[in-house]
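The chain contents come next:
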Amino acid sequence: QRRVHGIIQIMLRTLMHAGRNLTRFNQLTFNQMLFFAKLIPVRLGDLGEGTKEATIKEWFVKPGSEVKEFQDLCEVITDKLVAKIPSSYAGKIVQLHYKNDEICQVGQPLLDMEVGDHVQVKEVKKDEPAKHPAPPAPKKEEPKAEAPLHEEAHDNVYTTHAVRVLAKQLKVDITKVKGSQKRGRVTKEDVILFAETGGKASPQTTAPAPPKVPPKLDVPVASKKDKVIKLTGFKKAMARSMTDALAIPHDNLVDEFNIASMKAARKAYMDANPGKKITYLPFFVKAFSSAMIDFPIFNSHSSNARDGDGHSTDYVMKSEHNISLAVDSPSGLLVPNLKSVQRKSILQIHEEIKELVERARKSTLTQDDLTNGTFTVSNIGNIGCIIGTPVIFRPQVGIVALGQIRTLPDFKIIKGESKPVPKEIITSSLSFDHRFIDGATGAKFITRVKQFVENLDILLLNLKQSSSNQSTFDPVSYTHLTLPTSDLVQISVVAVSLKKK
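Residues numbered from 1 in each chain as written. Predicted model: local features only at pLDDT ≥ 70, side-chain atom pairs only at ≥ 80, totals over all residues. Heavy atoms only, no water.

A. Representation of the side chain of Thr-55 within the structure. Topologically, Thr-55 is positioned in strand β2 (residues 53-59). If near-sequence neighbours (up to four positions away) are discounted, Thr-55 is found in contact with Glu-75, Val-76, Ile-77, Asp-101, Glu-102, Ile-103, Thr-232 and Gly-233. (Helix = DSSP H or I, 4+ residues; strand = E, 2+ residues; numbered from the N terminus. Contact = heavy atoms within 4.5 Å.)

B. Structural context of the packing of helix α7 (residues 281-294) against helix α9 (residues 439-454). In the contact formed by α7 and α9, the axes pass within 9 Å of each other and the chain directions differ by 130°. The angle between α7 and α9 places the two elements in the oblique class. In the packing of α7 onto α9, the handedness of the crossing is right-handed. Contacts between α7 and α9 involve Phe-284, Ala-287, Phe-288, Ser-290, Ala-291, Met-292 and Asp-294 from the first element and Phe-445, Ile-446, Arg-448, Val-449, Phe-452 and Val-453 from the second. Considering only residue class, the contact of α7 with α9 consists of 10 nonpolar, one polar and two charged. (Axes fitted to C-alpha atoms, helices over the stretch in contact; angles between N-to-C directions. Parallel < 35°, antiparallel > 145°, perpendicular 65-115°, else oblique. Left-handed = near helix turned anticlockwise from the far one by under 90°. Nonpolar A, V, L, I, M, F, W, Y, C, P; charged D, E, K, R; others polar.)

C. Here's a closer look at helix α5 (residues 233-245). With 13 residues, α5 extends 18 Å between its outermost C-alpha atoms, agreeing within 8% with the 18 Å of an ideal straight helix rising 1.5 Å per residue. Looking at the packing, one finds that the buried side of α5 touches β2, β4 (72-77), β5 (82-86), β9 (250-258) and β14 (332-334). (Expected span 1.5 Å × (residues − 1).)

D. Focus on the packing of aromatic side chains. By the definition in use, this model includes eight aromatic pairs. Relative to Phe-445, the ring of Phe-295 lies with its centre 6.0 Å away and its plane at 80°, an arrangement referred to as edge-to-face. Placement of the pair is Phe-295 in the loop between α7 and β10 (300-302) and Phe-445 in helix α9, with a sequence separation of 150 residues. Here Phe-295 matches Phe-445 in class, with each residue buried. Relative to Phe-436, the ring of Tyr-315 has its centre 5.3 Å away and its plane inclined at 55°; by these criteria the two rings are tilted. Here Tyr-315 is found in strand β11 (residues 315-317), whereas its partner Phe-436 is found in the loop between β19 (417-433) and α9, with 121 residues between them in sequence. Of the aromatic side chains, those joined through ring pairs into one cluster are Phe-288, Phe-295, Phe-298, Phe-375, Phe-432 and Phe-445. Over the aromatic face of Tyr-280 sits the side chain of Arg-266, whose NZ or CZ is 4.6 Å from the ring centroid. (Phe/Tyr/Trp six-rings, centres within 6.5 Å; stacked < 30°, edge-to-face > 60°. Buried < 20%, exposed > 50% of the residue type's maximum accessible area, 1.4 Å probe, protein only. Lys NZ or Arg CZ within 6 Å of the ring centre and 35° of its normal.)

Set out below in structure tokens:
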């Protein structure tokens, strides 16, 4: 009994000691738990749209940082978007593999992290990049037997019946002619050469043309005082896009718009809605979209389809008016777009422009914001320029640059005399793809836009009622205004507030 009692006491003391150890283990700090951790690489995942690389814009962590699951590790920038990379695990940062402004390829490790030993990590094989499996190696083609050429091979001479007839006519012994083609086949050129030279000149076998060597370009050499700037992110995308644009035959048209009607409508709206402001840009965006209803070719994308000579064979006419805006942001030139402008009022367009520009300057644009634009409006006037020659943003077929508003004299006949009257104008520079749009169509389009800009009441009257472009009056937007129906300038305020079903 004493022995049994002693064994029971030893077992109880062992269990109590194990319990105290378990309690201490549960109270271990995060750093102490890393004693049982393993080191894993955190790779740059697939960012979509065929993106192969990204530039590190900013790190949110550093070596030694403790991170939680889904915590943002860094912000990267590609030629299409800005994205934050979250952590898939909780752990401790050990090493960063890249510095700010350096480029990381998709599938490569961004950093090394220590995680708990219990974490299941799906490792990527060394010979298999993340989400980008290597294409299968091309199979070596076995040499194929040559197709029969209806040749005759008597006398050990491979040739056609027509060549034998030619040899007889020229009194040439075809067995003495050395063929220039594969397997010694004799052609009519070989027979003619033999007849002209008496067999003294031997035919030269056709040798493959030497590969073309690209011309050597002068590479600028930077001195110690110079600074080499590497293109990354959106600037790299702009360089690529502008290079591609060189393949587009541009046509340019310039016109001036009198903004008196637009100015009056803008003032009337702000007077009726104290504290609210609206810029001129949404008026222009709506005017161009409305003109595209009559000239839908300007709301198109060029196609990659080519004929045998490499020329374009068709284009895609888009159903939605996704108007792109050229935005000067800290990251460089961005071209986000407003979706379905033809379905929205000028006020809706104004609010969406403000949101889009703000997100562009904060680098929070989404991939959807930067894709599927159909026509671009560039407001160069807010910087101070008067006129420009904008470059088409592929695959779009048109772009317009709006210059600075200026006050110029307009001579009118007043009481029989020509007198200068001040007018406010803005210059519109339209560029379009001359492969698909001829000059006359471009002139008619810009004239239609001018008609809408200078007469907002005409823009109001031309808003069509259709399934894809349906406009109705929203009582909330205009019943509180007292509008004299005889004053078309006041009626234009209603056009500003038009909303779509």
